[in-house]
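# Descriptive structure summary
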Amino acid sequence: MAGLRLRWFPLVLTGALVLALAFLTVPIAAIFFEAGPRQLIDSLGNEQALDALRLSLLTSSIALALILLIGTPAAYLLATRRFRGRNLVITLIELPLVVPPAVVGIGLLAALGPGGLLGGALGDLGIELVFQTAGVVVALTFVASPFYLRQAQSAFEAIDPSWLGASRTLGASEARTFLRVAIPAAMGGLLSGTALAWGRALGEFGATIVFAGSFQGITQTAPLAILELFSSDFDAALALAAVLVAVSAALLATVKLFAPRTDPRAGETITVA
Amino acid sequence: MHCPCKRAALAAALLAILVSGCGASDDRPRLIVSAASSLTEAFSAYGEGLPEDVRFSFGGSDELAAQIRQGATPDVFASASTSYPEELAADGLVGEPVVFAANQLVLIVAPGEQTTTLGDLLLRRDVDLVIGAAGVPVGDYTREVIDRLGPQTAANVLANVRSEESDVKGVVGKVAQGAADAGFVYATDAAAAGDAVKTIRLPPNLEPRVAYSAAVVEGAVDPARAQAFIDGLLEGPGADELADAGFLPAPAAGSAGGG
C-alpha cells in the first residue's frame, strides 16, 4: 500500500479534524454523561420544562413555515436575477448572522414594541407582540431566516441554467418552472437550509428574552427555561438541555435523511456499484 | 458571486473594533468579582478607583451562586440577598459572609404612564407588569410584597405579570423601553435609570428587608486582596460609592463593628 510512506500533511489534516471533532462533541456528550437516565425521566414530569419544550416546538415550527413561504421565492429571485444593488441586498440579508441576538431584541423593541417605529400602527390593528407568543415567533423568524436564505440562494444558483431554460422553451411559465423544476432540483440545499434555520430557531435566546420576555407557557422557550432552571434545579436544567439536544439532532437527522443526493459524486458511486 | 475585497474590508473593520476595544494588556493584579446586577453602577465606580485590575461579572445572584456551585471561582461573590452566600458558606464554597448594604424595593412605571399610585396600579386589570423570576433575589422580594397584599389582591397582581426576568436590569429595561407598564425593582436601579422611569415608593408595611452580603470565594487567587475589596464596602471608597448610588447602610444586625 502507498499509505505506508508517512506523509506529514495528511497527519496535520487528521489532527485538525480530530481536534475540531473533540472540541465540538465533548461539551454535548458531557450533557448526556451528567444527566443520567433517571434525571431525564424525571424531567419529563417537570411541568416548566414540558411547557418550554412544547412552546419551543410550536414557535419554531411557525417561524420555519413563515421562512419557507417567504424565503424560498425571495432566494430564487436573488439566485436568478442580476440587478443593481443585489450585493447590498444580500449583505443586508446576511447581517442578522453577525448581529448579537440581544441587539436584535432591542432592534425589534425599537421597531415593533408599543413605543417603537411601527408599534402604534400595529397597536391600531390590534397586534401585540411584546410578552406574547407571537413575539417569540417574530424573534425566531428574524434570527433564523438568514440561515435558510443563504442556503436556498446557493442551492438555486447551483441548478444548471439550461434546465430552467429548457422548461421555459417547452412552454412552462416561470411560476411553473419555479415550482416543478427549480424547487425539486434544489431540494437538498433547501432541506439543509431548513435544518440549519430550525436548529438556530430552537436555540434562540437573546432576542427572545429582550423582545418577548420570559413567562412560562407564553414566552419561555426551552433555552430560557434552561437559564432559569440552571440556578434553581441544575439536574432539571441538564435534563432539559439533553432533551433539546436530542430534539435538535433528530430534526437535523430527519432532514438530512430525506434530502435527495444532489452531490454529483454520490451519483458516481451508484453508477460504479 | 462574492467580492473578496468587500470581505477583506469587513474583516479589517471588525479587527479595528476588536483591537481598539481590548486596549493594552494590564500588568496589575487581577480581581474577579461576581456581583448582583443591582450593584453594577456602584461597584463599577468603586472598581475604577482601585489599584487592582478589577473584572466584574454582573448577573442574577442565583445564577452567580449556581456558577460557583458548578466550580467557577471568582475572588469575591456579592449577592442581593443574604441567603445565597450563607448557603454557599455552609457548603464550604465561600468564606464567612459579611452584610454590607441594604436597599429598598420600589415600583417603577414608564414615564408616559398616567397612574401614579400603587393602589390604582394594583387594582387595574390591563397593566403589563414585569417582575424578577422566582429565585432571583429581586423576584423573591417582589413575591414577599405581593403576598402581603392578601390572597385576592395578590392573585390579581400576579395575573398581570407578563414576564419574569432573570435579573433586575431586565425588569428596568422592559419598563424603560415602554414594553411593560410597571415593574418591581430596587430604589437604586430606579435612580440609575433616571428620567426613563417614574418611581412609586411602597408603604412601610409592605417593604421587604433587602440586605446585601459578600464573601471571599474558596480558591480565590489572593484571599487577602479579595477581603480588602469587601472591607472597602463597609468603610472607605466602596461604602462611599454605595451611598452615592442610594444604597442604605447595612442593618445593625450585620457583622460590621462599631455601634
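Note that the coordinates shown come from a computational prediction; the quantities given were computed from them, not determined experimentally.

### Points about the overall build of chain A
Along its length, chain A carries 14 helices and 0 strands. The N-to-C order of helical and strand elements in chain A reads α-α-α-α-α-α-α-α-α-α-α-α-α-α. Viewed in the frame of its principal axes, chain A has a C-alpha envelope of about 60 × 55 × 30 Å. By the burial criterion, 36% of the 273 residues in chain A qualify as buried.

### Structural notes on the overall build of chain B
Within chain B, the regular secondary structure consists of 11 helices and 10 strands. Burial analysis of chain B (259 residues in total) assigns 45% to the buried set. The long-range fraction of contacts in chain B, counting pairs at least 24 apart against all pairs at least 6 apart in sequence, stands at 72%.

### What to know about the interface of chain B and chain A
In this complex, chain B contributes 19 residues to the contact, which on the side of chain A involves 17 residues. Every element with two or more residues in the side of chain B that touches chain A is listed here: helix H3 (61-69) and strand E7 (161-165) of chain B. For the side of chain B that touches chain A, the class distribution of residues is 6 nonpolar, 6 polar and 7 charged.

### Here's the deal with the nonpolar core
The tendency in soluble globular proteins is for nonpolar side chains to be buried as a group. Among the nonpolar cores identified, the biggest contains 134 residues, and Ala139 and Leu240 of chain A together with Val76, Phe77, Phe100, Val175 and Val185 of chain B are the most heavily contacted of them. It is helix H7 (residues 133-157) of chain A that provides the largest number of residues to this core, a total of 14 residues. In contact with valine 76 of chain B, other than residues within four places in its own chain, are Val33, Ala214, Val216, Val217, Ala226, Phe229 and Ile230 of chain B.

### Focus: the sheet that holds strand E1 (residues 30-36) of chain B
Residues and elements named next belong to chain B. One open sheet holds the 5 strands; their spatial order is E2-E1-E3-E10-E4, and the pairing between them is mixed. Strands with a single pairing partner mark the edges of an open sheet, and in this sheet they are strand E2 (53-59) and strand E4 (98-103). Taking the axes of each pair of neighbouring strands and ignoring which way they run, one obtains an average angle of 20° across the sheet. Direction of pairing for E1 relative to E2: parallel, over a ladder of 7 bridges. In the strand pairing of E2, isoleucine 32 is matched with arginine 55. Contacting E1 and E2, helix H2 (residues 40-48) crosses the sheet at an angle of about 175° to E2.

### What about the confidence of the model for chain A?
Averaged over every residue, the pLDDT of chain A is 86; residues scoring 70 or more account for 91%. The low-confidence segment residues 264-273 of chain A (pLDDT under 50) makes 2 contacts with residues lying over four places distant or belonging to another chain.

### A word on the pairing of E1 of chain B
Among the 7 residues that make up E1 of chain B, 5 are buried, leaving the element largely enclosed by the rest of the structure. As a crossover connection, the stretch from E1 of chain B through H2 of chain B into E2 of chain B is right-handed.

### Digging into the confidence of the model for chain B
The predicted coordinates ought not to be read in detail in places where the model reports low pLDDT. All names here are of chain B. A residue-level look at chain B finds 90% of positions with pLDDT of 70 or above and a mean pLDDT of 87. In the predicted structure, residues 254-259 sits below a pLDDT of 50 and forms 6 contacts with residues beyond four places in sequence or in another chain. Note on the complex model: pTM 0.78, ipTM 0.71.

### Considering the environment of glutamate 218 of chain B
Residues and elements named next belong to chain B. When you line up the elements, glutamate 218 lands in the loop between strand E10 (210-216) and helix H10 (223-234). Taking the C-alpha atoms as reference, glutamate 218 lies 9.1 Å from valine 76; in sequence the two are 142 residues apart. Aside from chain neighbours lying at most four places away, what touches glutamate 218 is Gly92, Leu93, Val94 and Gly95.

### Things to note about the sheet that holds strand E6 (residues 129-132) of chain B
All names here are of chain B. Here we have 5 strands laid out as an open sheet, ordered E7-E6-E8-E5-E9, and mixed in their pairing. Where the open sheet ends on each side, the last strands, each with one partner, are E7 and strand E9 (198-201). Strand-to-strand twist in this sheet, taken as the mean axis angle between neighbours without regard to direction, amounts to 30°. Two elements, strand E5 (residues 105-109) and E9, share 4 bridges in a ladder whose sense is antiparallel. Along E9, the bridge assignment pairs leucine 107 with isoleucine 200. Packing of helix H8 (residues 168-176) onto the sheet brings it into contact with E5, E6, E7 and strand E8 (182-186), and relative to E8 it is tilted by some 140°.

### Description of H10 of chain B
Residues and elements named next belong to chain B. Taking 1.5 Å as the rise per residue, H10 with 12 residues should run 16 Å; its terminal C-alpha atoms sit 17 Å apart, in good agreement. Turning to H10, its buried residues are Ala226, Phe229, Ile230, Leu233 and Leu234. Seen end-on, H10 carries its buried residues on one side only, within an arc spanning 150°. For H10, the elements touching its buried residues are E1, strand E3 (76-79), E4, E10 and helix H11 (237-245).

Cut-offs applied
- Chains are numbered independently. Their residues run from 1 in the order of the written sequence.
- Following the order in which they are written, the chains are lettered starting with A and the ligands numbered starting with 1.
- Thresholds applied to this predicted model are a pLDDT of at least 70 for local features of residues and 80 or more for the giving and counting of side-chain atom pairs; totals over whole chains, interfaces and linings are not thresholded and use all residues.
- Segments assigned H or I by DSSP are reported as helices when at least four residues long, segments assigned E as strands when at least two residues long, and all are numbered from the N terminus.
- Exposure is read from a count of other C-beta atoms within 10 Å of each residue's own; the residue is exposed at 12 or fewer, buried at 20 or more and partly exposed in between. C-beta atoms are placed from the backbone.
- By the convention adopted here, residues are in contact when the distance between their C-beta atoms, placed from the backbone, does not exceed 7 Å.
- All residues other than Ala, Val, Leu, Ile, Met, Phe, Trp, Tyr, Cys, Pro, Asp, Glu, Lys and Arg, Gly among them, are scored as polar; the first ten of these are nonpolar and the last four charged.
- In this usage, the nonpolar core is the set of buried Ala, Val, Leu, Ile, Met, Phe, Trp, Tyr and Cys residues whose C-beta atoms join them within 7 Å.
- DSSP bridges decide pairing: two strands pair if at least two such bridges lie between them.
- To get an axis, fit a line to the C-alpha atoms, keeping to the stretch in contact for a helix; angles then go from 0 to 180 degrees between the N-to-C directions.
- Residue-level confidence of the predictor is summarised by pLDDT, bounded by 0 at the bottom and 100 at the top.
- The definition of a right-handed crossover adopted here requires that, viewed with the strands pointing away, the path from the first strand over the helix to the second runs clockwise.
- A helix's residues, less one, multiplied by 1.5 Å, set its expected span.
- Arc definition: it is the arc formed by the directions from the helix axis to the C-beta atoms.

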